[in-house]
Amino acid sequence: MQLYEAVSPLDFRYYGGDETFMKSLLPYVSEAGYVTYQAKVEAALTRTLANYGVCSSEIADEVEQAVEQVTAEAVYEEQKRIRHNIRSLVNVIRSKISPEARPYVHLFATSADILDTATSLRFKALIENVIVPDMIALVKQLIVLAREHAKTPQIGRTHGQHAEPITFGYALALYISRLGSRTEKIHEAGQNLRGQFSGAVGAFNGLALIHDNPEQIERDFLELLDLKPSDTHTSTQCVEPEFISDLAYQVTAAYTVLANFADDMRHLYRTEIAEVGRKYNPKLVGSSTMPHKVNPEAYENIKSLWKAFVPRMQTVFMDSILEHQRDLTNSASSRFLTELITAFDYSIYRLRRALDEMDVKVENMQHNLDMSAEDTIAEPIYLLMAYYGFPDAYDHTRKLIGQVHQTGKSLTTLLWEDETFKPFLDKLTEPQREALSSPTNYIGASVRLTHATCDEWESRIENLTTSFDAP
């Protein structure tokens, strides 16, 4: 099938629309990649049997060489004939080895042992090799931008209205913290994925025939794959679903942070706000009819994809319910989890490119701040007057604001003319007076906390990166 004959836009427009991006994910999220991981699990199983003397190490060598030649095409061709996915894989492997080796392929295992273990194995690799590094790169990019604009004054907004001043760097620092913590959580969830080798109903019925401690065989098998079994083995054919659910949740939570950031940037892009934009590129077209348009399509794309994929978490939860030891009601639906992670990583890719192209309009930030300069000092007036003991500071400040509308005078002028406030104004320190004179002096701890946040996450990300290389 050609790319543009695909049904899903994820395939032909996003994942399949960028060759470099697709190649980074293909070994993990593609069906060919999934079959490859299933074959690796079968090879590890035979090696484990050899380690326990069930078969020779030469037979394990033979199986390991055979699985390197297994293709998804061959497995699916066999599946057309027998209509069973794992037995098709087993048959393809068996066709490539000697008659002496064939009895030991898939011996003592059931389908879920292979499928669930392969799922954990490939998602763990995907998280470690692609998703976490991409998130780290995004956080680092935001850190650079936040440090650059740690002192850039910006009006803060609550309920869509001007509130009190902050800095643009401090606004970015929030997302550094949120995405940094999600990066750690995704890494943790990826490392906590589990595998299984316990047979048809999960009670080691077969392995118990040949060994007094079949759980140890499972542990040794999983150690070859750098996985662990469930903390306390329970009687089910499938790996406990909460490990995958935890990963899916953390990805969904991180995706929601991306969507929130995209929303914020999209609104700052608005013509009447215009605090961020995109560096001019004469090749790009913003509208099919309005030549002047430059649209925030990257941020809109992230929000739109998020809407399509965040509901997949509902499916993950529903996949956690299986009847007794196993049924197949999650067989088709669970296959779509790769799409959630793929779309998430694509949104990271789009956001990183948008940040590279971002034009921070410092002058417009100052202009918007100046628009509300008089209003923003209402809060420090009330706070300082209350701090110095004025009994009705909030209500009296509101009276001054009312006089602004009645007299047309500025709030600053009315403040210093007010005889009731005067005894308390005389108590102000010089920094407190400066905070009342200009909104750029009323940014709190924005600058310090921006750099502190950047320092914190540079350190934590370095520790996370180092953990990848740990033995």
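It should be noted that the structure appears before, not after, this text.
Remember, it's a predicted structure, so these values are computed and weren't measured experimentally.

S.K.: Please clarify how the overall build of the protein chain should be interpreted in this entry.
M.R.: Across its full length, the protein chain holds 21 helices and 4 strands. Taking 471 residues into account, the globule formula puts the C-alpha radius of gyration at 23 Å, and the protein chain, at 30 Å, lies well above it. Oriented by its inertia axes, the alpha-carbon framework of the protein chain measures out at about 100 × 55 × 40 Å. When burial is assessed residue by residue, the protein chain has 47% of its 471 residues classed as buried. Of the roughly 23,600 Å² that the protein chain leaves accessible, carbon and sulfur atoms contribute 51%.

S.K.: Can you help me understand the environment of glycine 190 in this one?
M.R.: Within the secondary structure, glycine 190 is located in helix H8 (residues 168-191). Residues glycine 190 and leucine 247, 57 residues apart in the sequence, show an inter-C-alpha distance of 6.3 Å. Dropping the residues within four chain positions of it, glycine 190 is found in contact with Lys124, Ile127 and Leu247.

S.K.: Can you help me understand the nonpolar core in this one?
M.R.: Soluble globular proteins: nonpolar side chains tend toward being buried together. One finds Ile186 and Phe344 to be the most contacted residues of the largest nonpolar core, which totals 112 residues. At 19 residues, helix H7 (residues 111-148) tops the list of elements feeding residues into this core. Residues in contact with isoleucine 186, not counting those within four places in the same chain, are Ile127, Ile131, Val132, Met135, Leu247, Gln250, Val251, Ala254 and Phe344. Ala378, Tyr388, Ala393 and Phe421 belong to the second-largest nonpolar core, a separate cluster that totals 17 residues.

S.K.: Would you explain helix H17 (residues 393-407) in this entry?
M.R.: Given a rise of 1.5 Å per residue, 15 residues ought to cover 21 Å, and the 21 Å separating the end C-alpha atoms of H17 matches this to within 8%. Three or more residues of H17 are buried, namely Ala393, His396, Thr397 and Leu400. Taken down its axis, H17 places every buried residue within 105 degrees of arc, on the same side. Turned more than 90 degrees off the buried face of H17, the exposed positions are Arg398, Lys399, His405 and Gln406. For H17, the elements touching its buried residues are helix H16 (378-387) and helix H18 (411-417).

S.K.: Would you take a moment to explain the packing of aromatic side chains for this structure?
M.R.: The geometry of two aromatic rings is summed up by the distance between their centres and the angle between their planes. For the structure on display, the rule yields 12 aromatic pairs. Ring centres 5.3 Å apart and planes at 85 degrees place the aromatic pair tyrosine 382 and tyrosine 394 in the edge-to-face group. Separated by 12 residues along the polypeptide, tyrosine 382 in helix H16 and tyrosine 394 in helix H17 bring together distant segments of the chain. In this structure tyrosine 382 comes out as partly exposed when scored by relative accessible area, which is 29%.

Thresholds, definitions, all that
Residues numbered from 1 in each chain as written. Predicted model: local features only at pLDDT ≥ 70, side-chain atom pairs only at ≥ 80, totals over all residues. Heavy atoms only, no water. Helix = DSSP H or I, 4+ residues; strand = E, 2+ residues; numbered from the N terminus. Rg over C-alpha atoms; globule rule 2.2 N^0.38 Å. Buried < 20%, exposed > 50% of the residue type's maximum accessible area, 1.4 Å probe, protein only. Areas by Shrake-Rupley, 256 points an atom, 1.4 Å probe, with all protein chains shown as cover. Contact = heavy atoms within 4.5 Å. Core = buried A, V, L, I, M, F, W, Y, C linked by side-chain atoms within 4.5 Å. Expected span 1.5 Å × (residues − 1). Arc of directions from axis to C-beta. Phe/Tyr/Trp six-rings, centres within 6.5 Å; stacked < 30°, edge-to-face > 60°.

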